[in-house]
Amino acid sequence: MTTTTAAEQLLRLHRTGRLASDYPLVRDLLADVPPESRDLLRRAGAWLSRLNPDEVLRAHPDTSALTVAITGHGTLAALIAPLTVEFARHGLLLRPVLSDFDSYVVDLSDSDSDLYSARPEIVLCLLDPALIFDEVPTPWRPEDVRAVFEAKVALVAGLAARFAERGAGTLVLNTIPLPRTRTAALVDHRSRAELGAAWREANARLLRLTAAHRNVVVVDTDSLLADGIPAGDARLSVYAKAHLSTELLAGYAREIGHLARNLTGRAKKVLAVDLDGTVWGGVLGDDGPEGIEVADGYRGEAFRAFQRTVRQLAAQGVLVAAVSKNDIEPVRTVLREHPGMTLREDDFVRVVANWRPKHENLVELAEDLNVGVDSVVFADDSPYERGLVRRELPAVAVITLDDEPAWHVDRLLADGWFDTVELTAEDRDRPTKYRDELVRKDFLNSFDSIQDYLSELGVAVRVFAAGEQDVNRVAQLSLRTNQFNLTTRRLQPADVQALIRDPDALVLALRTADRFGDNGLVGAILAHREADVLHIDNFLLSCRVFARGVEQTALSVLLRHARDTGAGSVVGAYRSSAKNSKVREFYPRNGFSTVTDDGAEAVFRHDLVDIAAPPEHVTLTEELG
Amino acid sequence: MTRDEFTALIHDEIGLAVATDELDRELDQVTGWDSVHLLTLLTALEQATGRSISLPDVLSAPSLGRIYAVVAGGA
């Protein structure tokens, strides 16, 4: 599908009034619009923002809708269209709640404000240069600006603290661009430097608010502007009181789209890269290991820069795989022995080199890694391969590379597919853990029965009451885990923190290890007490470790703990999602009886009379405090 | 540019469906109209007509019909 036809099809849907009824198709069409087609995205945003979200939901009830409150200083309506189109790119639906002009202080400080009443999942508080310069006298000196900006930072810090205390949703702030028209209004370089320093110091304080509050994010507009887009538009600013440019709002909206993706548990996990023309220049099969461009020469440098970027992503938990049309042996030789390679075999969780269609390889890769194919991002310089993957696997995000390798890094990072609010230690170790997991699979294949395998595997499970240091990881499990997630209730770190501090709530964490090493914190059970009943609100287990007796062990510990602390029964719920059908029978298979089951949601009860012991092959440690 | 072309342009650029006979309504009576659209509309009109249009003139127009008159009048 080319850009022209995607654009034409979108325009046709708009003109014939079918954008709501064909909303999933809109997502697929938008996937074909390259990021540089700003004008098409802008217009599509205008069209989509006219739709009634309820109409889309009536046609497609499974669409995830997020309520986003937009507040700030200037006119904010111009943000709705770009935000709507960025959400649509991810198949999400925006429910915007727009605040009145300049009402952010009341919005965020009054707990009965319209903003809080709307119970937004995300609150955007858009800060712009007029917030400062509206209060700077004329004529002014740099110290006037410093004083106003510092006072505003203090105000915003207070509002952020107020928001963080409430614990619900995520607040997004931003650094404020310094317009050239302000710097240039000072004639001496010394004053300009002073203004620049004061401005950046204030922005730095805004950025540091993220360290103080778990549910506050600050978008750094400098990095968006560094791509060469205008910060403001004089006419929009003067006549419409909209102080940030359309282009800047579009870049900002793109970041918010990825944030929304992350908050709704849709973050991408796997980067699958082609090799010839993507990771190195030339064709390995034709040019041989000595002939490919890896590090030397002009193009070699470009590929090296790309390899370094991929390695940088892998170091932060992105599972990198190679999917290439090549014979496997020469590929392995290059990855092991080529002196110029930055990426080595160990940087990949899987190296797939064969002659099968790439979409089949991607499906298999996702199965091997036990992730959904929709968590895969695929980068390739061949339009044929990209087109095939896009058509066969529309859920895969496809990155367009071409025969100019210098652009590869920009293209790879143009969309924040792997953006997350906070990295945990588990993230950094993830690629190693998945690689170990594939070794475990090979080990499994050498056994006659699964029981022999489990006995040899030496599974150790530690079940313990989660503490403050586990908050981020437990929240992350709730956000990233889709398959073994009994109720798919997503929790932000602040939610988990609140549960840990709640005396009626129980947050159990699971760590596992085996002969191949430590798996880290891989599961959690969230429960609360009501009278003599312990309710399991959710049970989470990383897909890397299930079906090894870990879940039965943890459940056994919980049931015994419930009985020993005076509970009469334990109630567990299952809520059906697109991906958790394999755990539908988890409770009934483990001694619970069915209380209610309407297909979408089921409730089960265990009477605590007959509690199954943990499987024999598991070594258990309990620290329930 | 005809009045029909003008309303088609409004629909394609800012997503707002207005009937040709609604053009003379006061702007605040036009459902879905917001002043932030003015600049987008102006940019699109400048592209369509190939000449510069005065934003203050457009801003002081009370209706879409008068905006059309500003554009058509300068042609």
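Scoring rules and cut-offs
- Residue positions within a chain follow its written sequence, with the count starting from 1.
- A letter from A marks each chain and a number from 1 marks each ligand, given out in the order of writing.
- In keeping with the model being predicted, local features are shown solely for residues with a pLDDT of at least 70 and side-chain atom pairs are shown and tallied solely at 80 or more, while totals for entire chains, interfaces and linings include all residues.
- Note on conventions: DSSP H or I runs of at least 4 residues are helices, E runs of at least 2 residues are strands, and numbering of each starts at the N terminus.
- Each radius of gyration reported is based on C-alpha atoms, and the globular scaling rule is 2.2 Å times the count of residues to the power 0.38.
- In this description, any two residues whose backbone-derived C-beta atoms lie within 7 Å of each other are considered to be in contact.
- Here exposure depends only on C-beta density: within 10 Å of a residue's C-beta, 20 or more other C-beta atoms make it buried, 12 or fewer make it exposed, and intermediate numbers make it partly exposed, the C-beta atoms being placed from the backbone.
- The pairing criterion is simple: DSSP has to find at least two bridges between the two strands.
- A clockwise course of the path from the first strand over the helix to the second, judged with the strands pointing away from the viewer, identifies a crossover as right-handed.
- All residues other than Ala, Val, Leu, Ile, Met, Phe, Trp, Tyr, Cys, Pro, Asp, Glu, Lys and Arg, Gly among them, are scored as polar; the first ten of these are nonpolar and the last four charged.
- Multiplying 1.5 Å by the residue count of a helix minus one yields the expected span of that helix.
- Segmentation of the chain into domains, including their bounds, is taken from an automatic or database domain assignment.
- Simply put, an axis is a line fit to the C-alpha atoms, just over the touching stretch for a helix, and the angle between two N-to-C directions goes from 0 to 180 degrees.

- Under an unreviewed UniProt entry, chain B has the name Phosphopantetheine binding protein and belongs to Kutzneria buriramensis.

- An unreviewed UniProt entry annotates chain A as HAD superfamily phosphatase (TIGR01681 family)/FkbH-like protein of Kutzneria buriramensis.

### Quick word on the overall build of chain B
Link 1 in the chain: Broken down by element type, chain B carries four helices and zero strands.
Link 2 in the chain: Secondary structure of chain B in N-to-C order comes out as α-α-α-α.
Link 3 in the chain: The globule rule puts the C-alpha radius of gyration for 75 residues at 11 Å, and the 11 Å found for chain B is close to it.
Link 4 in the chain: Along the first, second and third principal axes, the C-alpha atoms of chain B reach 30 × 20 × 20 Å.
Link 5 in the chain: Taking contacts inside chain B between residues at least 6 apart in sequence as the whole, the part at least 24 apart equals 48%.

### Observations regarding the pairing of strand 9 (residues 376-380) of chain A
Residues and elements named next belong to chain A.
Link 1 in the chain: Counted residue by residue, strand 9 has five buried out of five residues, so it is predominantly covered.
Link 2 in the chain: Residues of strand 9 alternate between two faces, with Val376, Phe378 and Asp380 on one and Val377 and Ala379 on the opposite face, all of them buried.
Link 3 in the chain: As defined by bridge partners, strand 9 adjoins strand 10 (residues 397-400) across four bridges and the pair is classed as parallel. Across the sheet, the residue bridging to Asp380 is Thr400, located in strand 10.
Link 4 in the chain: After leaving strand 9, the chain enters helix 19 (residues 383-392) and then returns to the sheet as strand 10, a path that is right-handed.

### Digging into the environment of Leu319(A)
All names here are of chain A.
Link 1 in the chain: Among the structural elements, Leu319 can be located in strand 7 (residues 319-325).
Link 2 in the chain: Leu319 sits 31 residues away from Arg350 along the chain, and the two C-alpha atoms are 8.7 Å apart.
Link 3 in the chain: If we skip the residues at most four places from it in the chain, Leu319 touches Lys269, Val270, Val349, Leu369, Arg430, Pro431 and Tyr434.

### Let's talk about the interface of chain A and chain B
Link 1 in the chain: In this assembly, 13 residues from chain A lie in contact with 13 residues from chain B.
Link 2 in the chain: Within the residue set of the side of chain A that touches chain B, elements represented by two or more residues are helix 3 (38-48) and helix 13 (234-240) of chain A.
Link 3 in the chain: The greatest single-element share of the side of chain A that touches chain B, amounting to four residues, is contributed by helix 13 of chain A.
Link 4 in the chain: Split by residue class, the side of chain A that touches chain B holds eight nonpolar, two polar and three charged.

### With respect to the environment of Gly291(A)
All names here are of chain A.
Link 1 in the chain: Mapping Gly291 onto the fold places it in helix 15 (residues 284-291).
Link 2 in the chain: Exposure remark for Gly291: the 12 C-beta atoms within 10 Å place this residue in the exposed category.
Link 3 in the chain: Along the primary structure Gly291 and Gly281 are separated by ten residues, whereas in three dimensions their C-alpha atoms are 8.8 Å apart.

### Digging into helix 25 (residues 550-564) of chain A
All names here are of chain A.
Link 1 in the chain: For helix 25, spanning 15 residues, the distance from its first C-alpha to its last is 21 Å, which sits close to the expected 21 Å at 1.5 Å a residue.
Link 2 in the chain: Across the 15 residues of helix 25, twelve count as buried, placing the element largely inside the fold.
Link 3 in the chain: The set of residues buried in helix 25 consists of Val550, Glu551, Gln552, Thr553, Ala554, Leu555, Ser556, Val557, Leu558, Leu559, His561 and Ala562.
Link 4 in the chain: Gly566 lies just past helix 25 and shows a positive phi near 95°.

### A look at the domain arrangement of chain A
Link 1 in the chain: Once the domains are mapped, chain A shows domain 1 (1-62), domain 2 (64-263), domain 3 (270-413) and domain 4 (447-623).
Link 2 in the chain: Centre-to-centre, using C-alpha coordinates, domain 1 of chain A lies 30 Å away from domain 3 of chain A.

### Some thoughts on unusual backbone geometry
Residue and element names in this part refer to chain A.
Link 1 in the chain: Look at the link from Thr138 to Pro139: it is a cis peptide, with omega at -5°.
Link 2 in the chain: Although it is not a glycine, Lys241 adopts a positive phi angle of roughly 60°.
Link 3 in the chain: Its identity as a non-glycine residue notwithstanding, Leu608 has a phi of 65°, on the positive side.
Link 4 in the chain: Looking at where Leu608 falls in the secondary structure, it is placed in the loop between strand 17 (601-606) and strand 18 (618-623).

### Details of the sheet that holds strand 11 (residues 459-465) of chain A
Residue and element names in this part refer to chain A.
Link 1 in the chain: Pairing in this open sheet of eight strands is mixed, and the strands run 16-17-15-14-13-12-11-18 from one edge to the other. Two strands close off the open sheet at either side, each with one partner strand: strand 16 (593-597) and strand 18. Across the sheet, the axes of successive neighbouring strands diverge by a mean angle of 25°, strand direction being ignored.
Link 2 in the chain: Sheet analysis places strand 13 (residues 517-530) next to strand 14 (residues 533-541), joined by eight bridges and oriented antiparallel. Its bridge partner being in strand 14, Arg529 is matched across the sheet by Leu534.
Link 3 in the chain: Relative to the sheet, helix 23 (residues 471-480) contacts strand 12 (505-514), strand 13 and strand 14, its axis offset from that of strand 13 by approximately 85°.
Link 4 in the chain: Contacts from helix 25 reach strand 11, strand 12, strand 13, strand 14, strand 15 (569-575), strand 17 and strand 18 within the one sheet, and its direction differs from that of strand 11 by about 35°.

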